[in-house]
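Descriptive analysis of the structure
Given next are the chains, with one letter for each unit.
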Amino acid sequence: QVQLVESGGGLVQAGGSLKLSCAASGIARSINDMGWYRQAPGKQRESVVIITKDGSTNYADSVKGRFTVSRDNAKITVTLQMNSLKPEDTGVYYCNVNGIGTSLRPFNSWGQGTQVTVSS
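This text gives an overview of the structure that appears in the document.

What counts, and where the lines are drawn
Residues numbered from 1 in each chain as written. Predicted model: local features only at pLDDT ≥ 70, side-chain atom pairs only at ≥ 80, totals over all residues. Heavy atoms only, no water. Helix = DSSP H or I, 4+ residues; strand = E, 2+ residues; numbered from the N terminus. Rg over C-alpha atoms; globule rule 2.2 N^0.38 Å. Buried < 20%, exposed > 50% of the residue type's maximum accessible area, 1.4 Å probe, protein only. Contact = heavy atoms within 4.5 Å. Areas by Shrake-Rupley, 256 points an atom, 1.4 Å probe, with all protein chains shown as cover. Lys, Arg positive; Asp, Glu negative; His and termini not counted. Charge placed at Lys NZ, Arg CZ, Asp CG, Glu CD. Salt bridge = Lys/Arg side-chain N within 4 Å of Asp/Glu carboxyl O. Phe/Tyr/Trp six-rings, centres within 6.5 Å; stacked < 30°, edge-to-face > 60°. Lys NZ or Arg CZ within 6 Å of the ring centre and 35° of its normal.

1. A closer look at the overall build of the protein chain
Summing up its helical and strand segments, the protein chain has zero helices and 11 strands in all. On C-alpha atoms alone, the protein chain measures out to a radius of gyration of 14 Å, which is about the 14 Å that the 2.2 N^0.38 rule sets for 120 residues. Along the first, second and third principal axes, the C-alpha atoms of the protein chain reach 45 × 25 × 25 Å. Looking at the 120 residues of the protein chain, the share that counts as buried comes to 40%. Across the protein chain, every contact between residues at least 6 apart in sequence was considered, and the portion connecting residues at least 24 apart equals 57%. If you sum the accessible surface of the protein chain, you get close to 6300 Å²; carbon and sulfur atoms cover 47% of it. When the 12 positive and 8 negative side-chain charges of the protein chain are each reduced to one mean point, those points stand 5 Å apart.

Okay, structure coming up:
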């Protein structure tokens, strides 16, 4: 089982950039998917980007060309570089990691979230 803590959120003006980092503690036998999700007030959580075990990425259409994700399996970290931010990017961003724990049971871990606010 791993515990995740997001950082890097903040308040930026439209067109600005932020880099979100997800720090992990604990260990796992294997890591499958990693990703970032976000939730705006009054809306359900949505996928921003998923990066799979083989390195394939699946970005939401709304962020393609602006956001870039990377992962480090050894450190169990996932980073999201966000450029050309728009007000509609505002929300709480959550890191997610899933895989198989040392107990050989699957796990799906979430961070506590970090607030991203983009002003116009």
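So much for the structure itself; the text now carries on.
2. Comments concerning the pattern of salt bridges
Inspection of the entire model under this criterion finds four salt bridges. A salt bridge links Asp89 to Arg66; the shortest N-O distance between them is 2.7 Å. Pair noted here: Asp89 is in the loop between β8 (77-82) and β9 (91-100) and Arg66 is in the loop between β6 (57-59) and β7 (67-72), with a separation of 23 residues, a long-range link. Asp89 sits in the buried class, given a relative accessible area of 1%. Here the salt bridges do not stand alone but share partners, grouping Arg38, Glu46, Arg66 and Asp89 into one network.

3. Remarks on the packing of aromatic side chains
One pass over the full model with this rule turns up one aromatic pair. The ring of Trp110 carries the charged tip of Arg45 above its face, separated from the ring centre by 3.8 Å.

4. A closer look at unusual backbone geometry
The residue Ser84 is not glycine, and still its phi comes out positive at about 50°. Within the secondary structure layout, Ser84 lies in the loop between β8 and β9. Ser84 sits in the partly exposed class, given a relative accessible area of 39%. Even without being a glycine, Leu104 presents a positive backbone phi close to 70°. Among the secondary structure elements, Leu104 is positioned in the loop between β9 and β10 (106-110). On the basis of relative accessibility, which here comes to 56%, the residue Leu104 falls in the exposed class.

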